[in-house]
Amino acid sequence: GKQATDAITRALILSLSVCYHARLQDREEYEEAVVNQFRAPLALPQGREQFCDEMRWCQDVLLENMKLGPNIARNAALRENVFMMAVCIELRIPLFLVGKPGSSKSLAKSIVADSMLGRSSEKPLLKELKEVHMFSYQCSQLSTPESVIEVFNTAKSFQKKQDTANYVSVVVLDEVGLAE
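Conventions we followed
- Residues numbered from 1 in each chain as written.
- Predicted model: local features only at pLDDT ≥ 70, side-chain atom pairs only at ≥ 80, totals over all residues.
- Heavy atoms only, no water.
- Helix = DSSP H or I, 4+ residues; strand = E, 2+ residues; numbered from the N terminus.
- Contact = heavy atoms within 4.5 Å.
- Areas by Shrake-Rupley, 256 points an atom, 1.4 Å probe, with all protein chains shown as cover.
- Salt bridge = Lys/Arg side-chain N within 4 Å of Asp/Glu carboxyl O.
- Buried < 20%, exposed > 50% of the residue type's maximum accessible area, 1.4 Å probe, protein only.
- Pairing = 2+ DSSP bridges.
- Right-handed = clockwise from strand over helix to strand, strands pointing away.
- Phe/Tyr/Trp six-rings, centres within 6.5 Å; stacked < 30°, edge-to-face > 60°.
- pLDDT = per-residue confidence, 0-100.
- Expected span 1.5 Å × (residues − 1).
- Polar contact = N/O pair within 3.5 Å; in protein donor to acceptor, adjacent residues only side chain to side chain.

## Some words on the overall build of the protein
Turning to step 1, where the next piece is worked out: In terms of regular secondary structure, the protein is built from seven helices and two strands.
Turning to step 2, where the next piece is worked out: Along the protein, helices (α) and strands (β) appear in the sequence α-α-α-α-α-α-β-α-β when read from the amino end.
Turning to step 3, where the next piece is worked out: Its C-alpha atoms put the protein at 55 × 35 × 35 Å along the principal axes.
Turning to step 4, where the next piece is worked out: At a minimum sequence separation of 6, the contacts of the protein that also span at least 24 residues come to 61%.
Turning to step 5, where the next piece is worked out: Accessible surface, the protein: about 11,100 Å² in total, of which carbon and sulfur atoms supply 55%.

Below, the structure written as structure tokens:
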């Protein structure tokens, strides 16, 4: 049968997921190489399957606590985008979410913005996370460095008025590839 993963091994798997796994196009080779480095007491008896199951389990738990409409497919791209956004927002780690059109980037942003309401969140898990306020900027060929900096300055001045332990301002640059 399946063996439960201990908390320290899970933390290591999730750290590797956030720092490296999410950045890769071809993940199988990485997963095999990493799993081969796990030794007791940080064992993964089910190997790569257990490694991937742990990442997916955590993504699923987070997504199950988010506000999603009934017709939203809980696919791999959405799970990963929501997970990465929530973790990076909570830890104040800059994140570039890059992907083809239709890969759930904007949907993930909306779900996170609607769900991460700090103490006002509906779900107990999300009450433990910071409240997020997003400052969105739609980039275009007409965007200037000054206009992008202005969005960051607005978010920064808004953040200064908040309790940083419970609140985070997030700048979202949509279609950043269109800016000069």
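Resuming the write-up.
## Describing the pattern of salt bridges
Turning to step 1, where the next piece is worked out: Counted under the stated rule, the structure contains nine salt bridges.
Turning to step 2, where the next piece is worked out: A salt bridge links Asp60 to Arg56; its shortest N-O distance comes to 3.4 Å. Placement of both Asp60 and Arg56 in helix α3 (residues 47-65) is noted, with a separation of four residues, approximately one turn of the helix.
Turning to step 3, where the next piece is worked out: Among the residues examined, Asp60 registers a relative accessible area of 23% and is labelled partly exposed.
Turning to step 4, where the next piece is worked out: The residue Asp174 makes a salt bridge to Lys109 at a minimum N-O spacing of 3.2 Å.

## Structural notes on the pairing of strand β1 (residues 131-138)
Turning to step 1, where the next piece is worked out: Two strands pair when backbone bridges link them, and β1 and strand β2 (residues 167-174) are joined in this way by eight bridges, in the parallel orientation. Bridging across to β2, Val132 finds its partner in Val168.
Turning to step 2, where the next piece is worked out: Handedness of the crossover joining β1 and β2 through helix α7 (residues 145-160): right-handed.

## Thoughts on the packing of aromatic side chains
Turning to step 1, where the next piece is worked out: Applying the stated rule across the entire model yields three aromatic pairs.
Turning to step 2, where the next piece is worked out: Aromatic pair Phe135 and Phe158: ring centres 5.5 Å apart, planes at 70 degrees, arrangement edge-to-face. Residue Phe135 is found in strand β1, and its partner Phe158 is found in helix α7; the two are separated by 23 residues along the sequence.
Turning to step 3, where the next piece is worked out: Given a relative accessible area of 12%, Phe135 falls into the buried group.
Turning to step 4, where the next piece is worked out: The exposure class of Phe158 is partly exposed, given its relative accessible area of 28%.
Turning to step 5, where the next piece is worked out: On the numbers, 5.9 Å between centres and 45 degrees between planes, the contact of Phe158 with Tyr167 is tilted.
Turning to step 6, where the next piece is worked out: Judged by its relative accessible area of 9%, Tyr167 falls in the buried class.
Turning to step 7, where the next piece is worked out: Ring pairs connect the aromatic residues Phe135, Phe158 and Tyr167, which therefore count as one cluster.

## What about the confidence of the model for the protein?
Turning to step 1, where the next piece is worked out: The predicted model of the protein has a mean per-residue pLDDT of 92, with 98% of residues at 70 or higher.
Turning to step 2, where the next piece is worked out: When mean pLDDT is compared element by element in the protein, helix α6 (residues 124-127) scores highest at 97, while β2 scores lowest at 92.

## What to know about helix α4 (residues 76-91)
Turning to step 1, where the next piece is worked out: The end-to-end C-alpha distance of α4 is 22 Å, a good match for the 22 Å that 16 residues give at a rise of 1.5 Å each.
Turning to step 2, where the next piece is worked out: The element α4 is extensively covered by neighbouring structure, given that 13 of its 16 residues are classed as buried.
Turning to step 3, where the next piece is worked out: Between the side-chain oxygen of the N-cap and the backbone nitrogen of Ala77 there are 3.2 Å, and the N-cap of α4 in question is Asn75.

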